[in-house]
Amino acid sequence: MSETIKFIVLEDHPVVRGALIQSLILTMPRAEVTYQGSSVISALDVVRSNGADCALVDLDLGDGTDPIANVRMLVDAGVPVMILSALTNPQVVRECIRSGALAFVSKQSTEETILAAIQSTLRREPFMSVSLAIALAGEEDPAVTLSSQERVALTYYASGMKMDTVARRMDVSRTTAQEYIKRVRAKYTRAGYVVSTKTDLYKVARSSGLVD
């Protein structure tokens, strides 16, 4: 990574964009915003001439462009993409993640969560936020009805996280996180699935579209 950390900020709302950029500069002294605005084409021109270490992208740029196509163009240009958006359509979010976005964080998330997602994206590592877990949990087996907390716990756990990490991400105790997974196992078992191992849970989560 270069001496400065080059950011592309694709956000159409000037106030939100300004607040995000101010937060970046205050928390990351090496941050340099090389493009700010709502034009993916203009952002790509900057990427080609100056490179970029991270693109922070709102899915609704107010210009009618396809958010999935926008993510794909940035990813194809070699830019790590983090989505920071109020748009939470599960199908759109899933397709953006499948297209290469490394993180999806709601604009309502805490500053701590947003910064953690940025750091993960800069390392080119996927970041699983509660917002993303809920968005990915939109297609479960009709024979198995999970609560929102159970879906989030399953998504985290099946993606490879340890139980302590699941509990920390969900802001619950380890015992509570274990109880969520216990309930998930019981519901899938009653539906005829074998879910005795973590690998089994990964398989049912993957078949339900909760993890890739």
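Reference entry: report on the structure contained in this document. (Residues numbered from 1 in each chain as written. Predicted model: local features only at pLDDT ≥ 70, side-chain atom pairs only at ≥ 80, totals over all residues. Heavy atoms only, no water.)

Side note on the packing of aromatic side chains
Then step 1. Applying the stated criterion to the full structure yields zero aromatic pairs.
Then step 2. When the ring centre of Tyr157 is taken as origin, the NZ or CZ atom of Lys198, which lies over that ring, is 4.3 Å away. (Phe/Tyr/Trp six-rings, centres within 6.5 Å; stacked < 30°, edge-to-face > 60°. Lys NZ or Arg CZ within 6 Å of the ring centre and 35° of its normal.)

Thoughts on the environment of Leu146
Then step 1. Of note, Leu146 is situated in the loop between α6 (130–136) and α7 (148–158).
Then step 2. Separated by 38 residues in sequence, Leu146 and Val184 place their C-alpha atoms 7.1 Å apart. (Helix = DSSP H or I, 4+ residues; strand = E, 2+ residues; numbered from the N terminus.)

Comments concerning the pattern of salt bridges
Then step 1. In the structure shown here, the tally under the stated rule is nine salt bridges.
Then step 2. Here Glu11 and Lys107 are joined by a salt bridge, their closest N and O atoms 2.8 Å apart. Taken as a pair, Glu11 in the loop between β1 (5–10) and α1 (14–27) and Lys107 in the loop between β5 (103–106) and α5 (111–122) lie far apart in primary sequence, 96 residues in all.
Then step 3. Overall, the relative accessible area of 3% leaves Glu11 in the buried class.
Then step 4. Overlapping salt bridges bring together Glu150, Glu179, Arg183 and Lys187 as one network. (Salt bridge = Lys/Arg side-chain N within 4 Å of Asp/Glu carboxyl O. Buried < 20%, exposed > 50% of the residue type's maximum accessible area, 1.4 Å probe, protein only.)

Examining the packing of α7 against helix α8 (residues 163–170)
Then step 1. Two elements in contact, α7 and α8, have axes separated by 9 Å at closest approach and are oriented at 135°. Judged by the angle between their axes, α7 and α8 are oblique. By crossing handedness, the relation of α7 to α8 is classed as right-handed. Taken together, the residues of α8 that come into contact with α7 (itself represented by Gln149, Val152, Ala153, Tyr156 and Tyr157) are Met163, Val166, Arg169 and Met170. (Axes fitted to C-alpha atoms, helices over the stretch in contact; angles between N-to-C directions. Parallel < 35°, antiparallel > 145°, perpendicular 65-115°, else oblique. Left-handed = near helix turned anticlockwise from the far one by under 90°. Contact = heavy atoms within 4.5 Å.)

Regarding the side chain of Thr121
Then step 1. Relative to the helices and strands, Thr121 resides in helix α5.
Then step 2. Taking relative accessible area as the criterion, Thr121 reaches 0% and is therefore assigned buried.
Then step 3. In this view, Thr121 contacts Cys54, Pro80, Val81, Met82, Leu102 and Ala103; residues no more than four positions away in its chain are not counted.

Here we look at the side chain of Glu150
Then step 1. Its place among the elements puts Glu150 in helix α7.
Then step 2. Looking at Glu150, the relative accessible area reads 3%, which means it is buried.
Then step 3. One polar contact links Glu150 to Lys187, side chain to side chain, over a distance of 2.7 Å.
Then step 4. Residues within four places of Glu150 in sequence aside, it is in contact with Thr145, Tyr180, Arg183, Val184 and Lys187. (Polar contact = N/O pair within 3.5 Å; in protein donor to acceptor, adjacent residues only side chain to side chain.)

A closer look at empty space enclosed by the protein
Where empty space is left can be seen by rolling a probe of water-molecule size over the atoms.
Then step 1. Considering all chains together, one arrives at one cavity of 30 Å³ or more under this definition.
Then step 2. Considered as a void within the structure, the largest cavity measures approximately 40 Å³ in volume.
Then step 3. Taken together, Leu10, Glu11, Val16, Leu20, Leu56, Val57, Asp58, Leu84 and Lys107 form the lining of the largest cavity.
Then step 4. Considering only residue class, the lining of the largest cavity consists of six nonpolar, no polar and three charged. (1 Å grid on protein atoms, 1.4 Å probe; cavity = no way out; pocket = protein on both sides within 12 Å on 5 of 7 lines; lining within 4 Å. Points joined across faces, edges and corners; volume = space filled by probe spheres on them. Nonpolar A, V, L, I, M, F, W, Y, C, P; charged D, E, K, R; others polar.)

Observations concerning the pairing of β1
Then step 1. Most of β1 sits inside the fold, with six of its six residues counted as buried.
Then step 2. Judged by which residues are buried, β1 turns out to be covered on both faces: Ile5, Phe7 and Val9 on one side and Lys6, Ile8 and Leu10 on the other are all buried.
Then step 3. As defined by bridge partners, β1 adjoins strand β2 (residues 31–37) across six bridges and the pair is classed as parallel. Bridging across to β2, Ile8 finds its partner in Tyr35.
Then step 4. For the handedness criterion, the β-α-β arrangement of β1, α1 and β2 is classed as right-handed.
Then step 5. Direction of pairing for β1 relative to strand β3 (residues 54–57): parallel, over a ladder of four bridges. Following the sheet pairing, Phe7 is matched in β3 by Cys54. (Pairing = 2+ DSSP bridges. Right-handed = clockwise from strand over helix to strand, strands pointing away.)

Here's the deal with the sheet that holds β2
Then step 1. Judged by pairing direction, the sheet is parallel, and its five strands sit side by side in the order β2-β1-β3-β4-β5 without closing on themselves. A single partner strand is all that each edge strand has here, and the edge strands are β2 and β5. For this sheet the average axis-to-axis angle between neighbouring strands, irrespective of direction, equals 20°.
Then step 2. Contacting β1, β3 and β4 (81–85), helix α3 (residues 67–76) crosses the sheet at an angle of about 150° to β4.
Then step 3. Its contacts with the sheet put α5 on β1, β3, β4 and β5, and the angle it makes with β4 is roughly 160°.

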